[in-house]
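Architecture at a glance
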Amino acid sequence: MILESVHVGAMDVNCYILASSEGSKAIIIDPGAQERRIQKVLDKHKLTPAFIVNTHGHYDHIGCDDKFGVKVYVHKLDSEMLKNPQLNFSAFFSIPYSVNSEIEELEEGSLLELDDLQLKVLHIPGHSKGGIALLMLKPEGSNIVFTGDSLFRHSIGRSDLNGGNEDLLKKNIKEKLLALPPETIVYPGHGDSTTISEEINNNPFFLL
């Protein structure tokens, strides 16, 4: 399996490129900016983009959605954000952006499959209404979850933006993420990777 992260944009978003093997098709998670840096990783492994997944609809995670000529998946509660520069906040940076690619809506439990890869959608609202995490079911034993801007190393996503709710965010993190096997590796939307065990034991938002 190929899994590489690329730090992109002014907000240093973690864009992830995921594929089963060299020369195969790839899933791109959160291509927020700097398409050339993302393309460089694709070229290195001779990968062809299959589809994009946005963990939520904020501009720093969607800014290159139209650059790869593929379908974009996003939770149904954030799909409007991809079309509305006011809602995705690009208008506030004087770079109004609206996704023109085909958009397909996700919901809790949706499965995304490519070759021998399978990702399950976990709806984690609280940073945005349609924020999601992506739990890797296949290959079996991967123990990986991509958490977007819900759970970070020793922190959680901000909840003071439109659609934010800290109590709801913490509730969903506890019930859907911290309940995963402790060895599960967490790949967040910003910052360093961590593990579920590390966050249970050391994340100040969940310590008693």
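These lines cover the structure that appears in this document, whether it is placed above or below. (Residues numbered from 1 in each chain as written. Predicted model: local features only at pLDDT ≥ 70, side-chain atom pairs only at ≥ 80, totals over all residues. Heavy atoms only, no water.)

With mixed pairing, the six strands of this open sheet are ordered in space as β7-β8-β9-β10-β13-β14. Each edge of the open sheet is held by one strand with a lone partner, namely β7 (111-114) and β14 (194-195). In the sheet, β7 pairs with strand β8 (residues 117-123) via four bridges, with the strands oriented antiparallel. Residue pairing in the sheet places L111 in a bridge with K120 of β8. Along the sheet, helix α4 (residues 166-177) contacts β8, β9 (132-138) and β10 (144-148); its crossing angle with β8, the most-contacted strand, is approximately 145°. (Pairing = 2+ DSSP bridges. Helix = DSSP H or I, 4+ residues; strand = E, 2+ residues; numbered from the N terminus. Contact = heavy atoms within 4.5 Å. Axes fitted to C-alpha atoms, helices over the stretch in contact; angles between N-to-C directions.)

Moving on, we get to the packing of aromatic side chains. Counted under the stated rule, the structure contains six aromatic pairs. Aromatic side chains Y59 and Y97 sit 5.7 Å apart centroid to centroid with 65° between the ring planes, which places their arrangement in the edge-to-face category. With a gap of 38 residues between them, Y59 in helix α2 (residues 59-62) and Y97 in the loop between α3 (79-83) and β6 (103-106) connect regions that are remote in the sequence. On the accessibility criterion, Y97 (14% relative accessible area) is buried. An aromatic cluster is present here, built from Y16, F146 and Y187 joined pairwise through their rings. (Phe/Tyr/Trp six-rings, centres within 6.5 Å; stacked < 30°, edge-to-face > 60°. Buried < 20%, exposed > 50% of the residue type's maximum accessible area, 1.4 Å probe, protein only.)

Tallying each qualifying case throughout the model produces one cavity of 30 Å³ or more. A volume near 50 Å³ is recorded for the largest cavity. Considered class by class, the residues forming the lining of the largest cavity number two nonpolar, eight polar and one charged. (1 Å grid on protein atoms, 1.4 Å probe; cavity = no way out; pocket = protein on both sides within 12 Å on 5 of 7 lines; lining within 4 Å. Points joined across faces, edges and corners; volume = space filled by probe spheres on them. Nonpolar A, V, L, I, M, F, W, Y, C, P; charged D, E, K, R; others polar.)

Right, let's get into the layout of surface pockets. By volume, the largest pocket is sized at about 430 Å³. What lines the largest pocket is a set of 23 residues, and nearest its centre among them are M11, H58, Y59, D60 and F93. Here the residues of the lining of the largest pocket are counted per class, giving twelve nonpolar, eight polar and three charged.

Next up on the list: unusual backbone geometry. Note the cis peptide between K138 and P139, where omega equals 0°. Its location among the elements puts P139 in the loop between β9 and β10. A positive phi angle is found at D12, which is not glycine, with a value near 55°. As for its position among the elements, D12 is in the loop between β1 (2-8) and β2 (13-19). Classification of D12 by relative accessible area gives partly exposed; the value is 41%. You will see that S94, though not glycine, has its phi angle at about 60°, which is positive. Here S94 lies in the loop between α3 and β6.

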